[in-house]
Amino acid sequence: QVQLVESGGGLVQPGGSLRLSCAASGSIFNAMGWYRQAPEKQRELVAEITSGGSTNYADSVKGRFTISRDNAKNTLYLQMHSLKPEDTAVYYCNAERSVNKVRYIYWGQGTQVTVSS
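Residues numbered from 1 in each chain as written. Predicted model: local features only at pLDDT ≥ 70, side-chain atom pairs only at ≥ 80, totals over all residues. Heavy atoms only, no water.

K.L.:
I'm lost on the overall build of the protein in this one. Help?
P.N.:
For the protein, the helix and strand inventory stands at 0 helices and 11 strands. In the protein, the succession of α and β elements from N to C terminus is β-β-β-β-β-β-β-β-β-β-β. Taking 2.2 N^0.38 as the reference for a compact globule, 117 residues should give roughly 13 Å; the C-alpha atoms of the protein span a radius of gyration of 14 Å, in line with that estimate. In terms of principal-axis extent, the alpha carbons of the protein reach across some 50 × 25 × 25 Å. The 117 residues of the protein split such that 39% are buried. Partitioning the contacts of the protein with sequence separation of at least 6, the portion at a separation of at least 24 is 54%. Accessible surface, the protein as shown: approximately 6,500 Å² in total, 46% of it carbon and sulfur. The average position of the 12 basic charges and that of the 9 acidic charges among the side chains of the protein differ by 5 Å. (Helix = DSSP H or I, 4+ residues; strand = E, 2+ residues; numbered from the N terminus. Rg over C-alpha atoms; globule rule 2.2 N^0.38 Å. Buried < 20%, exposed > 50% of the residue type's maximum accessible area, 1.4 Å probe, protein only. Contact = heavy atoms within 4.5 Å. Areas by Shrake-Rupley, 256 points an atom, 1.4 Å probe, with all protein chains shown as cover. Lys, Arg positive; Asp, Glu negative; His and termini not counted. Charge placed at Lys NZ, Arg CZ, Asp CG, Glu CD.)

Rendered as C-alpha cells:
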C-alpha cells in the first residue's frame, strides 16, 4: 500500500523558516507536490515537482519556498523561508503515478504550519 507521511510542521514566527518532509513508500512517483488548506479555504497547490526535477510554484510562495525530492530516498521536501501569517495552514503531501494511462493520486495526513508572533 502507498503511504505518504509528512513531518516538520510547527509554530514559527513571521520571517522564520521551516522544512517539511514527506516520506513515501512504494514506487517512485511521476510527480509529487505540496498543497495547503487553511480553515474555511479550499485546498490549494503550493508547489509541485516531477521525477525529472521540473518545478512549479504558486505565485504567493515564489521566491520564498523551494521544493525538492530525493529519488533515492523517495522523499519530498519543502523548504520555506520568510514565512508569513497567511502561510498558516495544514500542508499535505501529494503524489501521483500513471500506469497504462490510468492516474493514481495519493495524499498524506497533513502537517500543521502556524506562523504567528
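K.L.:
How do you make sense of the environment of Arg103 when you look at a structure like this?
P.N.:
Note on placement: Arg103 falls in strand E10 (residues 102-107). Spatially, the C-alpha atoms of Arg103 and Leu76 are 19 Å apart, while their sequence positions differ by 27 residues.

K.L.:
Where do I start with the sheet that holds strand E7 (residues 65-70) in this structure?
P.N.:
Within a beta sheet, neighbouring strands are joined by backbone hydrogen bonds and run either parallel or antiparallel to one another. Pairing is antiparallel in the open sheet, where 4 strands are placed in the order E1-E3-E8-E7. Whereas interior strands pair on both sides, the edge strands pair on one side only; in this sheet they are strand E1 (4-7) and E7. Between one strand and the next, the sheet's axes are offset by a mean angle of 15°, whatever the strand orientation. As judged from the 4 bridges shared by E1 and strand E3 (residues 18-24), these two strands associate in the antiparallel manner. Note that in E3 the partner of Ser7 across the bridge is Ser21. (Pairing = 2+ DSSP bridges. Axes fitted to C-alpha atoms, helices over the stretch in contact; angles between N-to-C directions.)

K.L.:
Would you take a moment to explain the state of the cysteines for this structure?
P.N.:
A covalent bond between the sulfur atoms of two cysteines is referred to as a disulfide. What the rule picks out here adds up to 1 disulfide. Residue pairing for Cys22: its cysteine sulfur links by disulfide to Cys93, the two sulfurs lying 2.0 Å apart. Torsion about the S-S bond of the Cys22 and Cys93 cystine: about -80°, corresponding to left-handed handedness. Linking Cys22 in strand E3 with Cys93 in strand E9 (residues 89-99), this pair joins segments that are 71 residues apart in sequence. Of the two residues examined, Cys22 and Cys93, each falls in the buried class. (Disulfide = S-S within 2.5 Å.)

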